[in-house]
Structure formats: C-alpha cells, structure tokens
Amino acid sequence: MSKPLIGVLLGAILGLIDGLTAWFTPAVRDQLLGIVIGSTLKGIIAGVAIGFFAKKFHSLPLGIVFGLLVGAFLAWLVAFMQGGYYFEIILPGTLVGLIVGFATQKYGKPAVTANT
Amino acid sequence: MRWLSDDKLKHLRSVVSEPDFSATKYTFVKELGRGGMGVVCLAEDRELDRLVAIKVLNTPELTADFGDRMIREAQIIARLEHPGIVPVHDVGTLPDGRIFYAMKYVRGSRLDEYAAQGASLRDRLRKFQSVCDAVAFAHAHGVIHRDLKPQNIMIGSFGEVLVLDWGIAKIRDDPRSSAFHQTTEGAVIGTRNYMSPEQARGEVDQLDERADIYSLGAVLSFLLKDQPKVSKAAHAISSKATATAKESRYASASHLSADIGRLLDAEPVSAYRENAFERTSRWVGKNRFLVLLVLAYLLMRIFLIFTSRR
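Residues numbered from 1 in each chain as written. Chains lettered and ligands numbered in written order. Predicted model: local features only at pLDDT ≥ 70, side-chain atom pairs only at ≥ 80, totals over all residues.

Trainee: Hey, could you run me through the overall build of chain A in this one?
Mentor: Check the secondary structure of chain A and you find four helices and zero strands. Secondary structure of chain A in N-to-C order comes out as α-α-α-α. Projected onto the principal axes, the alpha-carbon positions of chain A cover approximately 60 × 20 × 20 Å. Across the 116 residues in chain A, those meeting the buried criterion constitute 45%. Here the analysis covers contacts within chain A between residues at least 6 apart in sequence; of these, 73% occur between residues at least 24 apart. (Helix = DSSP H or I, 4+ residues; strand = E, 2+ residues; numbered from the N terminus. Buried ≥ 20, exposed ≤ 12 C-beta atoms within 10 Å, placed from the backbone. Contact = placed C-beta atoms within 7 Å.)

What follows is the structure, given as structure tokens:
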C-alpha cells in the first residue's frame, strides 16, 4: 500500500474512533455527529499531509516528528474553533498524528521510480 | 651414535609429511588442517606473489581418464563466480601422484568458530541465509557440493560468508561426472554428521541438490543447538531440510533461504503452521512499537474519559 493511502486510511479510521469517544463525554454527546465528521475529516487531512511527507522523506524519526506536529496543529485548530476542550482534543490528536507518521514510514511502500 | 632429540625428530616427521610442491609454482608455508580427504596447506604462489590455500587429496592412483575428468570439473567449479563461493584457482598433480587444487586463502573464522564466539541467533541466521544463497547459485549451475558443514564455511574479516572446499563436488546430470574424488557406487564421501541418508548409503547416482539441502539443515541445526530462544518455526525449518525422505525436504536451497528470510522478517514460514496465539505473538513482536503506540493511545483515551466525567 502506498504511503499516502496508508496515511488517509489510518487518519480516517483513527479520526473516526477519536470522534466516537466523544460519546463518553455527556456534555458534548448531543453534538456527536458533528464531532465524528469533523474528527474524521481532520484525520483524513492529517493522513494526506503525513502520507505525502512520508512519500517525499524516507525517515522514520522525521515521519514521527512531522506526524506529531501535524496532528497537534490540526487538533489545536479544532480546539481553537471549538473554543475549549484543548487538552481533550490536542492530546489524542497529537498521538493520532504520531501513529499515522510512524505507520506511513514503517508500512507504506515507497514509490517506484522508472529507471529509463 | 648420537640420538636425535624429540624436537628434531618432530621436525623431520613434519618435513616428510609435507606435500612436495617442488614441481609446482607453490611454496609450502604451513599446514592449515588435516582431514579424511587430505591435507590443507597454506602456500605461496610464487608467480602471482600471493598466499593460497591448497588442498592435497588422498588419491591413491591417477588414471588419464580421471585426470581429464578432474580438470574438466575444476574448470566448471572455477566458473562459479559468486561472492559466497571460494573458487578453485588451479588444479594439478604433485610428483607423488597426489592431486591438489589451489583456492583463495580466506582470512577469518570457520562457521563453528564464529558460533563459538557467541554470535547472536539473528546473526547466525543471516550468515546461514548467505550460505543457502551461495549453494543455490552453485545448484543453478549444476554443481552439488556434497560436503557442506560448519568447517567448510568461512566468515571473513568483514563478515562475508564463503563456502569452501568444492573438492568433492558433483556436476549434476553428467554421466561421466563424479568429482575430484572418484565416487563410485557404494563409496561414502562427505562428513557423517552432515551427510544425507542417501549419501551415507553411498547412493552416488541418487544424489541431487536435496543432499546439500539436508547438509544445510544439519548446519542450521548446529547453529540453533546452543541458542536459548529458538522458535518452533526455526526448528521446523531445520527438520524439514533434514527430512529422511528427500521428497519431504525443501525443493531448492532458494526455498530454504526464502524461509530463513521470512523467519528473520518475523513472517510465517512454509515449514511451520502456527496457531492463532503464535500468529498474534509474532505480529505483536514484529510491530512492537506500533502496538505500544496504540496502547498508549487507548490508555490516554481511558484517562480522558474518566477525567472528563468528573
């Protein structure tokens, strides 16, 4: 599987799970659908960015750091727009970015370059 | 009459037992080892000014036909140009009629010495895979080694793996072929502990690549025997390679090498059917970091759920 595809799939899945866990917070349970959609979209965007970074730079440490930064930034953006829950949004978002960064570098196949 | 001292007697004995290289371009330096097949010496090639290892075979008589065959086979084996194969440089006859062949002198440790130095299981398996690759190359060129054992495998100073001693190798599908050593039906050649059952029975005509695969399996078994944590899969590979019925062994050295590669990459091997628990443990072992990350994520999630409820 290509690195961007792994990034998108993993970002979407982890984003979806991330959003669904909002169910455990009674105060935001009525906004669950919006949170799930937003979280999934955030995961996809992070996955695309991390996946393309992984395609360009073949380095596990760099991939992890980039994933962590992208995850943290996007999560901060969401928390900022939300106007609260910084800790609850940024911490998991950062970890999701880290996981996607690791997985794209570790499991994604590098692009094949034509040798002609 | 004066008696000779023990030291002088020992010296005289060694001089007498030294191969006589006087009619060749080689100068005897020292004896490197001695076995059932003959003696291996370190010698200097005066023409090319380099050290070579020379094996002098214990051949009782030399007929013209045998000499021709030996030279032809030496040519074939010398053509095995592979980084894992020590080629035969030269072949000839000593004044006493014994056949010798010269090969590259390799500095390093024999595989048994390398293992005794405490090499890790992973390193041993990597070296073993290189041996399989070299043997697979020889097989692809129709050459069967017939005497694979740790003592015939060298680990060079830079970690390179070299298969030595192709002196009793057999050229497959050649009715006139035997090897440097005349191998007639019923004659047992090779090394007992590493020899396939068919080779031990002296069934020279029945020998094919799978005889070498048996020996490779025995070498693998030797490499595994003093290791504390050897997986069932590794033992299964060794058992499959050393199956009594040659039909049950690996079809080729490449297949054996591929299974070792899979074992090193923590992937399922063809020789062993693992259960669900073993499959999961292998996957977790292979993806330890990812598993840790996901666990950390889950723990963090549980922590957040409890803190947000307060």
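Trainee: What is the right way to read the packing of helix α4 (residues 121–140) of chain B against helix α6 (residues 209–224) of chain B from this model?
Mentor: Each pair of packed helices can be summarised by the angle the axes make with each other and by the distance between the axes. All names here are of chain B. The contact between α4 and α6 brings their axes to 11 Å, and the two run at 170 degrees. The pairing of α4 with α6 is recorded here as roughly antiparallel in orientation. Here Arg-124, Phe-128, Val-131, Cys-132, Val-135 and His-139 of α4 come into contact with α6, specifically with Glu-209, Asp-212, Leu-216, Val-219, Leu-220 and Leu-223. (Axes fitted to C-alpha atoms, helices over the stretch in contact; angles between N-to-C directions. Parallel < 35°, antiparallel > 145°, perpendicular 65-115°, else oblique.)

Trainee: Looking at this structure, I do not really get the sheet that holds strand β5 (residues 99–104) of chain B. What am I missing?
Mentor: The strands that make up a sheet pair up through hydrogen bonds in the backbone, lying either parallel or antiparallel. All names here are of chain B. Within the open sheet, the five strands sit side by side as β1-β2-β3-β5-β4. Their pairing is antiparallel. Edge positions in the sheet fall to β1 (26–34) and β4 (88–93), since each of these pairs with one other strand and no more. For this sheet the average axis-to-axis angle between neighbouring strands, irrespective of direction, equals 25 degrees. Summarising the sheet, strand β3 (residues 50–57) and β5 pair through five bridges and their orientation is antiparallel. When the bridges of β5 are listed, Val-52 appears paired with Lys-104. (Pairing = 2+ DSSP bridges.)

Trainee: Just to check I follow, could you spell out helix α4 (residues 86–107) of chain A for this structure?
Mentor: Given 3.6 residues per helical turn, the α-helix brings residues three or four places apart onto the same face. With 22 residues, α4 of chain A extends 31 Å from end C-alpha to end C-alpha; this agrees with the ideal 32 Å at 1.5 Å per step. Summarising burial for α4 of chain A: 17 of the 22 residues are buried, a large majority. (Expected span 1.5 Å × (residues − 1).)

Trainee: Would you explain the interface of chain A and chain B in this entry?
Mentor: Quite often, the size of an interface is put as the accessible area lost when its parts meet. Contacts between chain A and chain B engage eleven residues on the former and eleven residues on the latter. A class-by-class count of the residues in the side of chain A that touches chain B yields eight nonpolar, two polar and one charged. (Nonpolar A, V, L, I, M, F, W, Y, C, P; charged D, E, K, R; others polar.)

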